[in-house]
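Spelled out, the chains give:
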Amino acid sequence: QKEVEQDPGPLSVPEGAIVSLNCTYSNSAFQYFMWYRQYSRKGPELLMYTYSSGNKEDGRFTAQVDKSSKYISLFIRDSQPSDSATYLCAMNMNTGFQKLVFGTGTRLLVSP
Amino acid sequence: SAVISQKPSRDICQRGTSLTIQCQVDSQVTMMFWYRQQPGQSLTLIATANQGSEATYESGFVIDKFPISRPNLTFSTLTVSNMSPEDSSIYLCSSLGAGVAFFGQGTRLTVV
């Protein structure tokens, strides 16, 4: 079993839809959770960063962490064609010198 | 956040040759990381580079094939040696700050 599981997609939605992207993980020691967006032929860029359980909102994006279920989500409201990218979840046990564990990424396609 | 500049952005190389990828961070960082990303795949950590010490390689990656230099706190290089078509991939450098990883734009390598 992989430490982090993520549906690879692709996930196709019409413009304006609400998108839900999810990851599950097995290591209960993970404390820091990140979502990265990667456009084709570019490096990953940090989108959202949360610590422990709870929600965090930034514009059209909401990150949700449920540590009891070992489940994290990224919601995108009013999705735009410019949101078409691959979304990677990543997690870490602490802020020290621990390498990140990445999901496989979900490819999102938002059609106009 | 850190700004990471990586070059070259892409290259096409002959098998048997070597390519050195450079990574420059706009601030001093203790640890830098080198990843490989195969098409449609997530990120695979190659090695962790600390300034002043030898790099730490992940399983499946060896120093003779992927020598790394880390001469100071803002710079690192990764060399892909004796290349074969199987080395065709995207190579990414990364730095870690407060548990969050920041990435360069990547080097797209094609070996022919």
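Going by the structure above, here's the rest.
Along each chain, numbering runs from 1 in the same order as the chain's sequence is written. Lettering of chains starts at A and numbering of ligands starts at 1, both following the order in which they are written. Residues qualify for local features only when their pLDDT is at least 70, as the model is predicted, and side-chain atom pairs are given and counted only at 80 or more; totals for whole chains, interfaces and linings, by contrast, use all residues. Side-chain measures were taken over the full set of non-hydrogen atoms in the model, leaving aside hydrogen atoms and water.

Undergrad: What is the right way to look at the side chain of Ser95(B) in this model?
TA: Residue and element names in this part refer to chain B. A run of H or I in DSSP becomes a helix once it reaches four residues, and a run of E becomes a strand once it reaches two; helices and strands are each numbered from the N terminus. Examined against the element boundaries, serine 95 turns out to sit in strand β9 (residues 89-97). Using a 1.4 Å probe on the protein chains alone, a residue whose accessible area is under 20% of its type maximum counts as buried, one over 50% counts as exposed, and one in between counts as partly exposed. You can call serine 95 buried: its relative accessible area is 1%. Excluding residues within four positions of it along the chain, serine 95 makes contact with Ala2, Ile4, Val25, Val29, Met31, Val100, Ala101 and Phe102. Note on contacts: a residue pair qualifies if any of its non-hydrogen atoms lie within 4.5 Å across the two residues.

Undergrad: In this structure, what is going on with the packing of aromatic side chains? I would like to understand it.
TA: Between 30 and 60 degrees the pair is tilted, below 30 it is stacked and above 60 it is edge-to-face, where a pair is any two Phe, Tyr or Trp rings, Trp via its six-membered ring, whose centres lie within 6.5 Å. In this structure the tally under the stated criterion is eleven aromatic pairs over all chains. Measuring from centroid to centroid gives 5.7 Å for Phe102(A) and Tyr35(B), while their planes differ by 85°, and the two rings are edge-to-face. You can see Phe102(A) sitting in strand β10 (residues 101-102) and its partner Tyr35(B) sitting in strand β4 (residues 31-37), one on each of two chains. Of the residues examined, Tyr35(B) reaches a relative accessible area of 2% and is grouped as buried. Ring centres of Tyr35(B) and Phe103(B) lie 5.6 Å apart, and the angle between their planes is 55°; this geometry places the pair in the tilted category. Of this pair, Tyr35(B) sits in strand β4 while Phe103(B) sits in strand β10 (residues 100-103), placing them 68 residues apart in sequence. Phe103(B) shares its class with Tyr35(B); the two are buried.

Undergrad: Explanation requested: the layout of surface pockets in the structure shown.
TA: Empty space among the atoms can be located by rolling a probe the size of a water molecule over them. The calculated volume of the largest pocket comes to roughly 480 Å³. Along the wall of the largest pocket there are 25 residues; nearest its centre are Thr86(A), Gln37(B), Pro39(B), Gly40(B) and Gln41(B). If you list the elements that add at least two residues to the lining of the largest pocket, you get β9 (85-92) and β11 (106-111) of chain A together with β9 and β11 (107-111) of chain B. Here the residues of the lining of the largest pocket sort into seven nonpolar, 14 polar and four charged. Think of a 1 Å grid over the protein atoms and nothing else: a 1.4 Å probe that fits but is trapped marks a cavity, an open set flanked by protein within 12 Å on at least five of seven lines marks a pocket, and residues with an atom within 4 Å of a point count as lining. Grid points are joined across faces, edges and corners, and a volume is the space filled by probe spheres set on the points. There is about 300 Å³ of room inside the second largest pocket. Here the term charged refers only to Asp, Glu, Lys and Arg, the term nonpolar to Ala, Val, Leu, Ile, Met, Phe, Trp, Tyr, Cys and Pro, and the term polar to all other amino acids, Gly among them.

Undergrad: Whenever I open this one, the state of the cysteines confuses me. Can you help?
TA: Here a disulfide denotes one covalent bond, and it connects the sulfur atoms of two cysteines. To count as a disulfide, a pair of cysteine sulfur atoms needs to be within 2.5 Å. In the structure shown here, the tally under the stated rule is two disulfides over all chains. Each sulfur in the disulfide pair Cys23(A) and Cys89(A) lies 2.0 Å from the other. Linking Cys23(A) and Cys89(A), the disulfide has an S-S dihedral of approximately -100° and is accordingly described as left-handed. In this pair, Cys23(A) sits in strand β3 (residues 19-25) while Cys89(A) sits in strand β9, placing the two residues 66 residues apart along the sequence. For Cys89(A), a relative accessible area of 0% puts it in the buried group. Cys23(B) shares a disulfide with Cys93(B); S-S distance 1.9 Å.

Undergrad: So what exactly am I meant to see when it comes to the sheet that holds strand β8 (residues 71-76) of chain A here?
TA: In any sheet, the strands associate via hydrogen bonds between backbone groups, in a parallel or an antiparallel arrangement. Residue and element names in this part refer to chain A. Pairing is antiparallel across the open sheet formed by five strands, whose spatial order is β1-β3-β8-β7-β6. Lying at the two open borders of the sheet, with one neighbouring strand each, are β1 (4-6) and β6 (54-58). Within the sheet, the average angular offset between the axes of one strand and its neighbour, ignoring direction, is 15°. Two strands form a pair only when DSSP identifies at least two bridges running between them. A fitted line through C-alpha atoms represents every axis, and for helices the fit uses only the stretch in contact; the resulting angles, taken between N-to-C directions, go from 0 to 180 degrees.

Undergrad: Is there a simple way to think about the interface of chain B and chain A in this case?
TA: In many analyses, interface size is given as the accessible surface area lost on bringing the parts together. Facing 21 residues of chain B, the contacting portion of chain A comprises 21 residues. Buried area is understood as the total, over both parts, of accessible area removed when two parts are fitted together, assessed with a 1.4 Å probe. Both sides together, the interface formed by chain B and chain A hides about 1600 Å², and carbon and sulfur atoms give 61% of it. Any carboxyl oxygen of Asp or Glu within 4 Å of a side-chain nitrogen of Lys or Arg constitutes a salt bridge here. Connecting chain B to chain A are zero salt bridges. Any pair of nitrogen or oxygen atoms within 3.5 Å is treated as a polar contact; in protein, a donor-acceptor pairing is required on top of that, and neighbouring residues in sequence qualify only through side-chain atoms on both sides. At the surface where chain B touches chain A, the tally comes to four residue pairs in polar contact (both at pLDDT 80 or more). At four residues, β10(B) tops the list of elements feeding residues into the side of chain B that touches chain A.

Undergrad: Before we go on, may I ask you to explain the environment of Asp64(B) in this structure?
TA: For Asp64(B), the location among the structural elements is in the loop between β6 (56-57) and β7 (68-72). Residues Asp64(B) and Tyr91(B) lie 27 residues apart in sequence; the distance between their C-alpha atoms is 17 Å.

Undergrad: Just checking my understanding: could you explain the sheet that holds β7(B) for this structure?
TA: All names here are of chain B. Pairing within the open sheet is antiparallel, and its four strands lie in the order β1-β3-β8-β7. Each of the sheet's edge strands pairs with one partner strand only, and the pair in question is β1 (4-7) and β7. Along the sheet, successive strands turn relative to each other by an average axial angle of 15°, direction set aside. Direction of pairing for β1 relative to strand β3 (residues 19-25): antiparallel, over a ladder of four bridges. Bridge pairing in β3 links serine 5 to glutamine 24.

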